[in-house]
Amino acid sequence: MNTSVKKFINHVKQKNKGEKEFIQSVAEVSESVIPYIASHTKYDQTKILERMIEPERVIMFRVPWLNDQGEVEVNRGYRVQMNSAIGPYKGGLRFSPTVNLSILKFLAFEQVFKNSLTGLPLGAGKGGADFDPRGRSDNEVMKFCQSFMTELHKHVGEDMDIPAGDIGVGKREIGYLFGQYKRIKGEFTGVITGKGSEWGGSHIRPEATGYGLVYFVEEILKKHNKSLKGKKIAVSGAGNVAQYAAEKCIEQGAKVITLSDSKGTVYNPKGISVEELEFIKDLKNKRGELKDFAKKYAYDFLEGEKPWGIKCDIALPNATQNELNEEDAQKLVENDCFCVAEGANMPCTPEAIAIFNEYNVFYAPGKAANAGGVAVSGLEMSQNSLRYSWTRNEVDSKLRQIMQEIHQICVKYGKEKDYINYEKGANVGGFVRIADAMLAQGLV
Ligand code: NDP
């Protein structure tokens, strides 16, 4: 690590004490962006990166609600409005007991670069609450969402800040949040994305992150004269991103040999079939566990284990941050895995990424590889403004094109002498568009 990067990260640590995920994400970006800034005078001297790491605004609020027993419960809600240089704030809401300011700031910071890479007019934000929808009745989830939106509506709007889903916030939660916004404001606007397709949502939005991830992997493989056909894919997670990444991999002739959830990993060496995947989608929609799928189909269930010890060609970590560490990376390399693409946000630790770089594993960071979700959210916003709806095929081909363009940006900014550094490409490519917009807008 060069000395100006070290100095910058020390400054970030001082200013953001205890925010380990946020510091980790800033450090990852700084290593590629600071050397770039140093060689481009227009970004040097203007403290662009110092400005980018400060959220424009952080909103933190109380969410009181009544549970089914008539008792009062209190959660903490957040919205981090990170950067509006290229458009209104845009990014998901996460409902999970693990939510805290550090995690939301890291997600919002990643979102700045990701949204920039899509080429769409999308600023960046992230939000959520330390509420766990798992094990709650529909009525309790609705009560919570209504209370959450009763405060959040003051800070969002179709031209100001447009939230979406993330972990713990799916179609059900989006419906309750949108319904409460509409009641309070008395207007039907595209204030949230991920809506049902009958009430303002876009075709392909549920599939977009997973499909987009696979389109990005296909671009990497094409560039290196390879294809997905017959490849063994280890997927982690069994939620929205994992399900549709698995679906697209199977469609393209690959074998999805694992899926996982917070209880463990299911392993089928022959590859999970389309019918089995439909069963899993249904099971997860009903908030069931993968263990039950493994039992029904008599597959191995590796209790408490992650998929990374299983021999595969390509790994798609699609569950959560820091789920793939140095030891996991070492096992993947030993098993000849040649490509790791992040469907989740920051699933690989810095030590794991270092191993991928050392062994020339193609490593695609989430801010590029999982940008398909927010890209189609951007397309949902366009359709809402137009009061129009594009067909499934139209949205899918726009998604594919956006993923191809993101790949081209990564190649342009990440090209080294004899390989493509996708991490650097995504960081620098995302940075340039934001930095230029900030410079054009004066001291913002
Ligand atoms: P979901 O809530 O639909 O699914 C998350 C999955 O990950 C579940 O299967 C869950 O298991 C599993 N999981 C969560 N925490 C852990 C853990 N600590 N260890 C093992 N497994 C875990 O979320 P999404 O699929 O929407 O999101 C997954 C990731 O993708 C997140 O990082 C998110 O930020 C990122 N992402 C999502 C986008 C989207 O469009 N949805 C867009 C871009 C990024 P269980 O079922 O047991 O809870």
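Each chain has its residues counted from 1, following the order in which its sequence is written. Local features in this predicted model are restricted to residues of pLDDT 70 or higher, and side-chain atom pairs are both shown and tallied only at a pLDDT of 80 or more, whereas totals for entire chains, interfaces and linings draw on every residue. Hydrogen atoms and water are omitted, and side-chain values are computed over all heavy atoms in the structure.

### Some words on the site of the ligand
Applied cut-off: We call a residue near a molecule or strand when any one of its heavy atoms sits within 4 Å of it. Pairs of N or O atoms within 3.5 Å make up the polar contacts considered here, provided that, within protein, one atom can donate a hydrogen while the other can accept it, and that residues adjacent in sequence are counted only when both atoms are side-chain atoms. Each accessible area is a Shrake-Rupley result for a 1.4 Å probe, and residues are judged covered by the shown protein chains and nothing else. Labels follow the DSSP assignment, with helices taken as runs of H or I lasting at least four residues and strands as runs of E lasting at least two, numbered in each case from the N terminus. Bear in mind that the domain bounds are from an automatic or database domain assignment.
Taken together, 24 residues surround the ligand, and among them Arg94, Asp166, Thr209, Ser262 and Asn345 come closest. Contacts to the ligand include threonine 209, whose side-chain N or O atom sits 2.7 Å from an oxygen atom. For the ligand, an oxygen atom lies 3.0 Å from a polar atom in the backbone of valine 241. When the ligand sits alone it has 900 Å² of accessible area, and the protein chains cover 78% of it. Elements supplying a minimum of two residues to the shell around the ligand: α7 (205-223), α8 (240-251) and β7 (255-261). Each of domain 2 (57-187) and domain 3 (208-364) contributes no fewer than three residues to the shell around the ligand.

### A look at helix α1 (residues 3-15)
Residue pairs spaced three or four apart in an α-helix point in one direction, given the helix's 3.6 residues per turn. Using the following cut-off: Take the number of residues in a helix, subtract one, and multiply by 1.5 Å to get its expected span. With a 1.4 Å probe rolled over the protein chains alone, any residue whose accessible area is under 20% of its type maximum counts as buried; one over 50% counts as exposed, and the rest are partly exposed. Regarding the arc, it is the one traced by the directions from the helix axis to the C-beta atoms. Between two residues, a contact is recorded if the distance between any of their heavy atoms is within 4.5 Å.
With 13 residues, α1 should reach 18 Å at 1.5 Å per residue; the first-to-last C-alpha distance of 19 Å fits that figure. Among the residues making up α1, those that are buried are Val5, Phe8, Ile9 and Val12. Looking straight down α1, one finds that the buried residues subtend no more than 95 degrees of arc, so they occupy a single side. Along α1, exposed side chains directed more than 90 degrees from the buried face belong to Thr3, Lys7 and Gln14. Buried residues along α1 sit in contact with α2 (20-38) and α3 (48-52).

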